[in-house]
Amino acid sequence: MNVLIVHAHPEPRSFNGALTDTALRTLSEQGHTVVVSDLYAAGWSPVLAPGEFPGHTPGLFFNPAKEQEDAAANQSTCRAVALEQDKVRAADLVIFQFPLWWFSMPAILKGWVDRVFSRGFAYASGRKYDTGLLKGKRAMLSLTTGTADTLYAPNGIDGDLHHILWPIHNGILAYTGFTVLPPFAAWMPAQVSSEQRQSYLDQYADRLLQLDDLEPLFFHPKTDYDENQQLKPGVVARSGVQWNPQANQSFEAAASQFKDR
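Because the structure is a prediction, the values reported are computed rather than measured. Within every chain, residues take consecutive numbers counted from 1 along the sequence as written. Residue-level local features of this predicted model are given only where pLDDT is at least 70; pairs of side-chain atoms are given and counted only at 80 or more, and the full residue set underlies all totals for whole chains, interfaces and linings. Derived side-chain values reflect all non-hydrogen atoms in the structure, with water molecules and hydrogen atoms excluded from consideration.

(A) Focus on the overall build of the protein chain. Across its full length, the protein chain holds 9 helices and 6 strands. Every radius of gyration here is taken over C-alpha atoms, with the globule rule written as 2.2 Å times N^0.38, N being the number of residues. For 261 residues, the compact-globule formula gives about 18 Å, and the C-alpha radius of gyration of the protein chain, at 19 Å, lands near that figure. With respect to the principal axes defined by its C-alpha atoms, the protein chain has extents near 55 × 50 × 35 Å. Between buried and exposed lies partly exposed: a residue is buried under 20% and exposed over 50% of the maximum accessible area for its type, with that area taken using a 1.4 Å probe on protein chains only. Within the protein chain, the fraction of its 261 residues that count as buried is 45%. Long-range pairs, those at least 24 residues apart, make up 69% of the contacts in the protein chain with a sequence separation of at least 6. Put simply, the protein chain shows about 13300 Å² of open surface, and 52% of that area lies on carbon and sulfur atoms. Each helix is a run of H or I in the DSSP string that is no shorter than four residues. Each strand is a run of E no shorter than two, and both are numbered from the N terminus. Contact criterion: two residues are considered in contact whenever any of their non-hydrogen atoms come within 4.5 Å of each other. Each accessible area is a Shrake-Rupley result for a 1.4 Å probe, and residues are judged covered by the shown protein chains and nothing else.

Rendered as structure tokens:
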């Protein structure tokens, strides 16, 4: 299996660095080919700018999606982006390693998504979700938090982690066709004992050894949606985030059903 780890932390000695090292070692020992894109070490620019598109005329209106699509069609994608796209193209599994900052991924990683998961490469007109251009690949988030897991419980002040990650899981990964594996979270590693940090690393290694046994996150297929891209009457929402009033389903019932899985 070919694995790409997109690593986004500015400190190589951070716990995120330890998690990436663990993944690299564990997967390599199993005979997998692992490539790491260390965004901070590489000086990756998160800025999607007109200057990276040779077909764009300065001074004219800049339409990023169109420029990306044209670049993909003309094979004129800028070198930095094309190199990352080649890594994604070769990967069977993409792991995103990052600290949860402001309830999302760091800006440098979001900028990687903006530039690399471009229109014409990762999605296109009529090619999204279960027909996304990256269909057939798997993806998984591995993240660290600054606070305890209790804050990310359904009744926690920060809200349920599954809900927090929905924009990434659904809006980026499922949208482009990935099969999305459950995330791995190391809770506030900077504030726990060295024994607990080692336990996190051991748990992560075990998770990586059981990838084929993991049940992917559920996303409704297009056939469950009507012409307005809303769940059809009678389709009971199963994502843990959506609910369907047209199936006499309340948010509370949908959340309870997901929690009891």
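Don't stop here, the text continues.
(B) Spatial organisation of unusual backbone geometry. Unlike most non-glycine residues, Tyr129 shows phi in positive territory, near 55 degrees. Classification of Tyr129 by relative accessible area gives partly exposed; the value is 26%. Phi at Asn248 takes a positive value of approximately 55 degrees, unusual for a residue other than glycine. Tracing the sequence through the fold places Asn248 in the loop between α8 (194-209) and α9 (251-259). Accessibility expressed as a relative area gives 77% for Asn248, which makes it exposed.

(C) Layout of the nonpolar core. Among buried residues, the Ala, Val, Leu, Ile, Met, Phe, Trp, Tyr and Cys ones that are joined through side-chain atoms within 4.5 Å form a nonpolar core. Ranked by size, the top nonpolar core spans 62 residues in total, and within it Ile95, Phe96, Phe98, Leu109, Trp112, Phe117 and Leu173 carry the most contacts. In this structure Ile95 touches Val3, Leu4, Ile5, Val6, Leu27, Met140, Ser142, Tyr204 and Leu208, once residues within four positions along its chain are discounted.

(D) Up close: the packing of helix α4 (residues 79-90) against helix α5 (residues 107-116). Where α4 meets α5, the axes come as close as 10 Å, and the angle between the chain directions of the two elements is 90 degrees. By the criterion of interaxial angle, the relationship of α4 to α5 is roughly perpendicular. Two secondary-structure elements touch here, α4 through Ala80, Val81, Glu84, Gln85 and Val88 and α5 through Trp112, Arg115 and Val116. Under the convention adopted here, Pro, Cys and the residues Ala, Val, Leu, Ile, Met, Phe, Trp and Tyr are nonpolar, Asp, Glu, Lys and Arg are charged, and Gly plus all remaining residues are polar. For the contact of α4 with α5, a count of residues per class yields 5 nonpolar, 1 polar and 2 charged. As a rule, the C-alpha atoms of each element are fitted with a line to give its axis, helices using only the stretch in contact, and angles between N-to-C directions run from 0 to 180 degrees. Between 65 and 115 degrees an angle is taken as roughly perpendicular, under 35 as roughly parallel, over 145 as roughly antiparallel, and anywhere else as oblique.

(E) Focus on the pairing of strand β3 (residues 93-99). For β3, a buried count of 7 out of 7 residues is recorded, marking the element as mostly surrounded by other parts of the structure. Residues Leu93, Ile95, Gln97 and Pro99 point to one face of β3 and Val94, Phe96 and Phe98 to the other, with burial holding for every one of them. Looking at chain direction, strand β1 (residues 2-7) and β3 are connected through 5 bridges and run parallel. Its bridge partner lying in β3, Leu4 is registered against Val94. One requirement defines pairing of two strands: DSSP has to find at least two bridges between them. When β3 meets strand β4 (residues 138-144), the two strands line up parallel, connected through 7 bridges. By the bridge assignment for β4, Phe98 is matched with Leu143. The β-α-β motif built from β3, the intervening α5 and the parallel element β4 has right-handed crossover chirality. Every crossover in which the path from the first strand over the helix to the second runs clockwise, viewed with the strands pointing away from the viewer, is termed right-handed.

(F) Molecular detail of the pairing of β1. Burial within β1 is extensive, with 5 of its 6 residues counted as buried. The pairing of β1 with strand β2 (residues 33-38) spans 6 bridges and is parallel. Residue His7 lies in a different strand from β2, and its bridge partner there is Asp38. Taken together, β1, helix α1 (residues 15-29) and β2 constitute a β-α-β crossover, and its handedness is right-handed.

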